[in-house]
Amino acid sequence: LIGADLSGASLVGADLSGANLIAANLAGANLRGANLLYADLSGANLTNADLSGADLSGADLSYANLISADLTNAKLSGASLAWADLSGADLSGADLFKANLGNANLSGAKLFNADLTHALLPGANLAYAKLFEANLSNAILSYANLAGADLAGANLAGANLFEASLYGANLN
């Protein structure tokens, strides 16, 4: 399925575990509750895709386009989202335990109550992200941009914020 055009496809609950979807076009696709465990979605276009409740644990989403994607309650533990564009995406309630989000663009993303425990976010852009009640304990946020981010009620215990920009961030 490398480079496949599945834009707008309905793949609700589909089992795509281990699938090779490198550079696939899944823009606007409905993948609600799909099993994408260890799938390779590197460089894939998932703009406006519905991945709510999907299992993407261990998946490779590096360099993927997830602009305005719905990832509410998705399982992304151990997933690689390095250099991915998640601007405006909704990751509320998502499990991002030990996920790699290095240099990812999460500007304006919603991460309400998301679990980012031990997540790697060095150099990530989280400007104006909504991280209300998010768990960022022991997360690596060195050199991250958190300008204007809403971190109200967020757990930052043990987080590494070396050289991170927190200008205008809400830390109440």
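Please read these numbers as outputs of a predicted model, since none were measured by experiment.

Student: For the overall build of the chain, give the residues involved together with the corresponding values.
Tutor: The number of helices and strands found in the chain is zero helices and zero strands. The C-alpha radius of gyration computed for the chain amounts to 15 Å, which stays within 12% of the reference 16 Å derived for 172 residues, consistent with globular compactness. For the chain, the spread of C-alpha atoms along the three principal axes comes to 45 × 20 × 20 Å. When the 172 residues of the chain are sorted by exposure, 47% land in the buried category.

Student: An account of the nonpolar core is requested, with residue identities and associated values reported.
Tutor: Counting residues in each nonpolar core, the largest one holds 62 residues, and the members touching the most others are Leu66, Leu86, Leu91, Leu121 and Leu131. The contacts of Leu131, once residues within four sequence positions are left out, are Leu111, Leu116, Leu126, Leu136, Leu146, Ala149, Asp150, Leu151, Ala152 and Ala154.

Student: Let's hear about the pattern of salt bridges: which residues, and what values?
Tutor: One pass over the full model with this rule turns up one salt bridge. A salt bridge links Asp50 to Arg32, with the shortest nitrogen-to-oxygen separation between them at 2.7 Å. Residue Arg32 is classed as partly exposed on the basis of its relative accessible area of 44%.

Student: I'd like to hear about the environment of Leu146, residue by residue, with values.
Tutor: By relative accessible area, Leu146 is classed as buried at 2%. Residue contacts for Leu146: discarding those within four places in its chain leaves Leu126, Leu131, Leu161, Ala164, Ser165, Leu166 and Ala169.

Student: Tell me about the environment of Tyr143, and name the residues and values.
Tutor: Since its relative accessible area comes to 53%, Tyr143 is described here as exposed. Excluding residues that lie within four positions of it along the chain, Tyr143 makes contacts with Gly123, Phe162, Glu163 and Ala164.

Student: Which residues make up the packing of aromatic side chains, and what values do they have?
Tutor: Counted according to the given criterion, the structure contains two aromatic pairs. Where Tyr63 meets Trp83, the ring centres are 6.2 Å apart and the plane angle is 5°; that geometry is what we call stacked. The class of Tyr63 is exposed, set by a relative accessible area of 55%. The class for Trp83 is partly exposed, based on a relative accessible area of 48%. Relative to Phe162, the ring of Tyr143 has its centre 5.6 Å away and its plane inclined at 85°; by these criteria the two rings are edge-to-face. Relative accessible area serves as the criterion here: at 46%, Phe162 is assigned to the partly exposed category.

Student: Now, about unusual backbone geometry: what can you tell me, with residues and values included?
Tutor: Positive phi values are uncommon outside glycine, yet Asn113 reaches one of about 55°. A positive phi angle, near 60°, is found at His118, a position not held by glycine.

What counts, and at which threshold
All residue numbers refer to position in the chain's written sequence, counted from 1. Under the rules for a predicted model, residues below a pLDDT of 70 receive no local features and side-chain atom pairs below 80 are neither given nor counted, while totals for whole chains, interfaces and linings still include all residues. Computation of side-chain values covers all heavy atoms of the structure but excludes hydrogens and water. In this description a helix means any DSSP run of H or I spanning at least four residues, a strand means any run of E spanning at least two, and both kinds are numbered starting from the N terminus. Only C-alpha atoms enter the radius of gyration; for comparison, a globular chain is expected to reach 2.2 Å times N to the power 0.38, where N is the number of residues. The classification of residues rests on relative accessible area computed with a 1.4 Å probe and restricted to protein chains. Under 20% of the type maximum is buried, over 50% is exposed, and intermediate values are partly exposed. What we call a nonpolar core is a set of buried Ala, Val, Leu, Ile, Met, Phe, Trp, Tyr and Cys residues that are connected through their side-chain atoms within 4.5 Å. When checking whether two residues touch, look at their non-hydrogen atoms; a contact exists if any pair is within 4.5 Å. Every case where a carboxyl oxygen of Asp or Glu lies within 4 Å of a side-chain nitrogen of Lys or Arg is listed as a salt bridge. A pair of aromatic rings is counted whenever rings of Phe, Tyr or Trp (Trp by its six-membered ring) have centres within 6.5 Å, and the orientation is called stacked for planes under 30 degrees apart, edge-to-face for over 60 and tilted otherwise.

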